Structure formats: C-alpha cells, structure tokens
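# Coordinate inspection notes
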Amino acid sequence: MPGFLASLLFDEQDDVAAVTLADTTVGLNLGRVARDLIAITAEHEPRIPEPWRPRTDADPELSALTGPSCWGADAVALHL
C-alpha cells in the first residue's frame, strides 16, 4: 500500500517480538528500528518466568504436613 510500511521481527533466543508501523514510503529502515526495540527490551526487561509446576519428588512425610490449617480465626495453607 503506498505510504505505509510495516515490519514484524521475532527473536527466538530472547522470546521477544517487535512490530513497527510507519506512514511513509522511503527514508525509514523499519527492520533496524524493530531490531533496536528487541535489543533494548531484551537488555532492560526481565524475562517472564516459567509457569509454576507442583513438585513431584516431595518426601511423603513432608507432604502429609501440607494442606489447609487454621491459626486462630485465620485460615492458612501449608505447601512445599
């Protein structure tokens, strides 16, 4: 489309993507802008941690101590 540029880049190593859009036809290297955005984000933003998974190798004696409990009027949950 005349007068419109777009770019989408994805960095698999850092798991970051960048989308750049511009209302121009010449004079702007959107690929470089997207690469710079990815580099800045990878440098300054923390990675999203992996989702929590319950342990499967817990000691059965310790597992018996876990679960809901009450301390006065407050309910608490004990877990490994």
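What comes next is a walk through the structure.

What counts, and at which threshold
Residues numbered from 1 in each chain as written. Predicted model: local features only at pLDDT ≥ 70, side-chain atom pairs only at ≥ 80, totals over all residues. Heavy atoms only, no water. Helix = DSSP H or I, 4+ residues; strand = E, 2+ residues; numbered from the N terminus. Rg over C-alpha atoms; globule rule 2.2 N^0.38 Å. Contact = heavy atoms within 4.5 Å. Areas by Shrake-Rupley, 256 points an atom, 1.4 Å probe, with all protein chains shown as cover. Lys, Arg positive; Asp, Glu negative; His and termini not counted. Charge placed at Lys NZ, Arg CZ, Asp CG, Glu CD. Buried < 20%, exposed > 50% of the residue type's maximum accessible area, 1.4 Å probe, protein only. Pairing = 2+ DSSP bridges. 1 Å grid on protein atoms, 1.4 Å probe; cavity = no way out; pocket = protein on both sides within 12 Å on 5 of 7 lines; lining within 4 Å. Points joined across faces, edges and corners; volume = space filled by probe spheres on them.

The next subject is the overall build of the protein. Helices and strands together make up the secondary structure of the protein, namely two helices and four strands. Helices and strands in the protein line up, N terminus first, as β-β-α-α-β-β. For a compact globule of 80 residues, the expected C-alpha radius of gyration is about 12 Å, and the protein comes in at 24 Å, more than 25% above that figure. Overall, the C-alpha framework of the protein stretches about 70 × 30 × 25 Å when taken along its three principal axes. A sequence separation of at least 24 residues applies to 21% of the contacts in the protein between residues at least 6 apart. Carbon and sulfur atoms form 58% of the exposed surface of the protein, whose accessible area is close to 7200 Å². The averaged location of the 13 negative side-chain charges in the protein is 6 Å from the averaged location of its 5 positive side-chain charges.

So, on to the pairing of strand 2 (residues 16-22). A regular strand places its side chains so that they alternate between the two faces of the sheet. Of the two faces of strand 2, only one is covered, namely that formed by Val16, Ala18, Thr20 and Ala22; the face formed by Ala17, Val19 and Leu21 stays uncovered. Note: strand 1 (residues 5-11) against strand 2, seven bridges, orientation antiparallel. Looking at strand 2, one finds that Leu8 is bridged to Val19. Hairpin connection of strand 1 to strand 2: four residues between the antiparallel strands, including Asp15 at a positive phi of 55 degrees.

Relative to the assigned elements, Phe4 resides in the segment before strand 1. Not counting residues up to four positions away in its chain, the partners in contact with Phe4 are Leu21, Ala22 and Thr24.

A word on the layout of surface pockets. The computed volume of the largest pocket comes to approximately 230 Å³. Forming the boundary of the largest pocket are Asp14, Asp15, Val16, Thr41, Ala42, Glu45, Pro46, Arg47, Ile48 and Glu50.

That's the geometry; what it means functionally is another story.
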